[in-house]
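Residue strings, one per chain:
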Amino acid sequence: MDAANCRFPKLSMQWLLAVFICLLTWGSPGVYGYFLRSSSRCMLIPRSMALCHDIGYSEMRIPNLLEHETMAEVIQQSSSWLPLLARECHPDARIFLCSLFAPICLDRFIYPCHSLCEAVRNSCAPIMACYGYPWPEILNCNKFPADHNLCISAITDETTSSRRTVPRASCRDCELEEASTAKEILENFCATDFTVKIRISRKNVTSTISAFDMDSKLEVLKHGPLLRAEIHPRLQHWLDLDATCVHNIMRGTHAGVYVISGEVQNDKVVVNKAYAWHKKNRNLQQAVRRWKHHRCRA
């Protein structure tokens, strides 16, 4: 095995074994196989470092690849990235960040591959831009090695599935609505292009990033400009792409029934109102019953 083949796609026992085999058989450090500084030391990744605790290995190098000198500094700086991870902008974002904040404790540093950096940046930088933050220079992808060098490569393969495997989080902070009155809910239905009652379930509860599915049966209250045959595939497309909105609506649950409303924008739907369907939500139930005979104001 030579350096050209030393890429590590998974954080597991097999992944760690591949690292050690590569390092034992690799003859020279090269430009990206930096030897450790004399001050470098191994430390346990503490629970308080939420970004990387339980990432798949237990020890990290200090100073790290971002030149943080103390664990307190690492914890403080890494915690600022937690809100971005909550947006689920890319399934490999945590691995990429932890390779820098908490490099695995080996006899030399292993950098993330250039392609891994680009994949995470392309998905996450637009979300950062929503809040006025640019992609930082310390994460400039040109600093990282090409995939044929010794580096950590992406886990997610975006080309092996006919359906997109990497959701694109949106800038919208859509949340589950509180059904205050039936009248207000009906006004919201009138103001949107479509309203549908659907059951959403979370497919991979143990994965770094969530994937969602919906029942084939749905109750269409209002289809607006959409043909009825278009509604299911358009909504499934929304589930695939708008991880942020769906995550906020689900609120950590495995499955649930929701009444959602939104707009049709070119070839996609954008959900901007969602209500949880349950027995206690009598205002919502009343609004749905009245909708069939309701006349919206012109």
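Before reading on, note that the structure itself is shown above.
Bear in mind the structure is a predicted one, so any value in this text is a computation, not a measurement.

Calculation criteria
- Residues numbered from 1 in each chain as written.
- Predicted model: local features only at pLDDT ≥ 70, side-chain atom pairs only at ≥ 80, totals over all residues.
- Heavy atoms only, no water.
- Helix = DSSP H or I, 4+ residues; strand = E, 2+ residues; numbered from the N terminus.
- Contact = heavy atoms within 4.5 Å.
- Areas by Shrake-Rupley, 256 points an atom, 1.4 Å probe, with all protein chains shown as cover.
- Disulfide = S-S within 2.5 Å.
- Buried < 20%, exposed > 50% of the residue type's maximum accessible area, 1.4 Å probe, protein only.
- Phe/Tyr/Trp six-rings, centres within 6.5 Å; stacked < 30°, edge-to-face > 60°.
- Pairing = 2+ DSSP bridges.
- Expected span 1.5 Å × (residues − 1).
- Bend = angle between axes of the 7 residues up to and from the residue.
- Core = buried A, V, L, I, M, F, W, Y, C linked by side-chain atoms within 4.5 Å.

Caption draft 1: Seen up close, the overall build of the chain. Of regular secondary structure, the chain possesses nine helices and seven strands. A separation threshold of at least 6 residues defines the contact pool for the chain, and within that pool the share at least 24 residues apart is 71%. Surface summary for the chain: the accessible area is close to 15,500 Å², and the carbon and sulfur share equals 52%.

Caption draft 2: Structural view of the state of the cysteines. Across all of its chains, the model carries six disulfides by this definition. For cysteine 89, the disulfide goes to cysteine 124, at an S-S distance of 2.0 Å. The chirality of the disulfide connecting cysteine 89 with cysteine 124 is right-handed, given an S-S dihedral of about 85 degrees. A residue pair is termed long-range when its members are at least 10 positions apart, and cysteine 89 in the loop between α3 (82–86) and α4 (93–101) and cysteine 124 in helix α5 (residues 114–130) qualify at 35 residues. Cysteine 124 sits in the buried class, given a relative accessible area of 1%. Two residues, cysteine 113 and cysteine 151, share a disulfide whose sulfurs are 1.9 Å apart. With the S-S bond torsion at 85 degrees, the cross-link from cysteine 113 to cysteine 151 turns out right-handed.

Caption draft 3: Local environment of the packing of aromatic side chains. Counted under the stated rule, the structure contains six aromatic pairs. With centroids separated by 6.4 Å and ring planes inclined at 75 degrees, the aromatic side chains of tryptophan 81 and tryptophan 135 adopt a geometry described as edge-to-face. Note that tryptophan 81 is positioned in the loop between α2 (71–79) and α3 and tryptophan 135 in the loop between α5 and α6 (182–191), a separation of 54 residues in sequence. The pair formed by tryptophan 81 and tryptophan 135 is uniform in burial state, with each residue classed as buried.

Caption draft 4: Main features of unusual backbone geometry. Across the junction of isoleucine 62 and proline 63, the peptide omega takes the value -5 degrees, indicating a cis bond. By the element assignment, proline 63 lies in the loop between β2 (59–62) and α2. Positive phi values are uncommon outside glycine, yet glutamate 67 reaches one of about 65 degrees. Among the secondary structure elements, glutamate 67 is positioned in the loop between β2 and α2.

Caption draft 5: The pairing of strand β3 (residues 194–202), seen in detail. For β3, the tally of buried residues reaches eight of nine residues, placing the bulk of the element in the interior. In this sheet, strand β6 (residues 255–265) lies alongside β3 in antiparallel orientation, the contact comprising eight bridges. When the sheet's bridge partners are listed, serine 201 is paired in β6 with alanine 255. Inspection of the sheet shows β3 paired to strand β5 (residues 219–222) by three bridges, in the antiparallel sense. Among the inter-strand pairings, valine 196 is bridged to a residue of β5, identified as valine 220. For β3 and strand β4 (residues 212–214), the ladder comprises three bridges, and the chain directions are antiparallel. Residue serine 201 lies in a different strand from β4, and its bridge partner there is aspartate 213.

Caption draft 6: Broad picture of α5. Across its 17 residues, α5 extends 24 Å between first and last C-alpha, which sits within 8% of the 24 Å expected from 1.5 Å per residue. Approximately 35 degrees is the largest bend angle found in α5, and it occurs at asparagine 122, with the proline proline 126 only one to four residues beyond. The complete set of buried residues in α5 reads His114, Leu116, Cys117, Ala119, Val120, Ser123, Cys124, Ala125, Ile127 and Met128. Following α5 by one or two positions, glycine 132 has its phi on the positive side, about 80 degrees.

Caption draft 7: Structural view of the nonpolar core. Counting 41 residues, the largest nonpolar core has Ile45, Met49, Met60, Trp81, Phe96, Trp135 and Leu139 as the members making the most contacts within it. Leave out the neighbours within four places in its chain, and isoleucine 45 touches Cys52, His53, Ile55, Tyr57, Ser58, Glu59, Met60 and Ala102. Ranked by size, the runner-up nonpolar core spans 24 residues in total, among them Val196, Ile198, Ile200 and Ala276.

Caption draft 8: The arrangement of the environment of glycine 252 in detail. Topologically, glycine 252 is positioned in the loop between α8 (243–250) and β6. When its relative accessible area of 61% is taken as the criterion, glycine 252 is described as exposed. Taking the C-alpha atoms as reference, glycine 252 lies 9.2 Å from arginine 202; in sequence the two are 50 residues apart.

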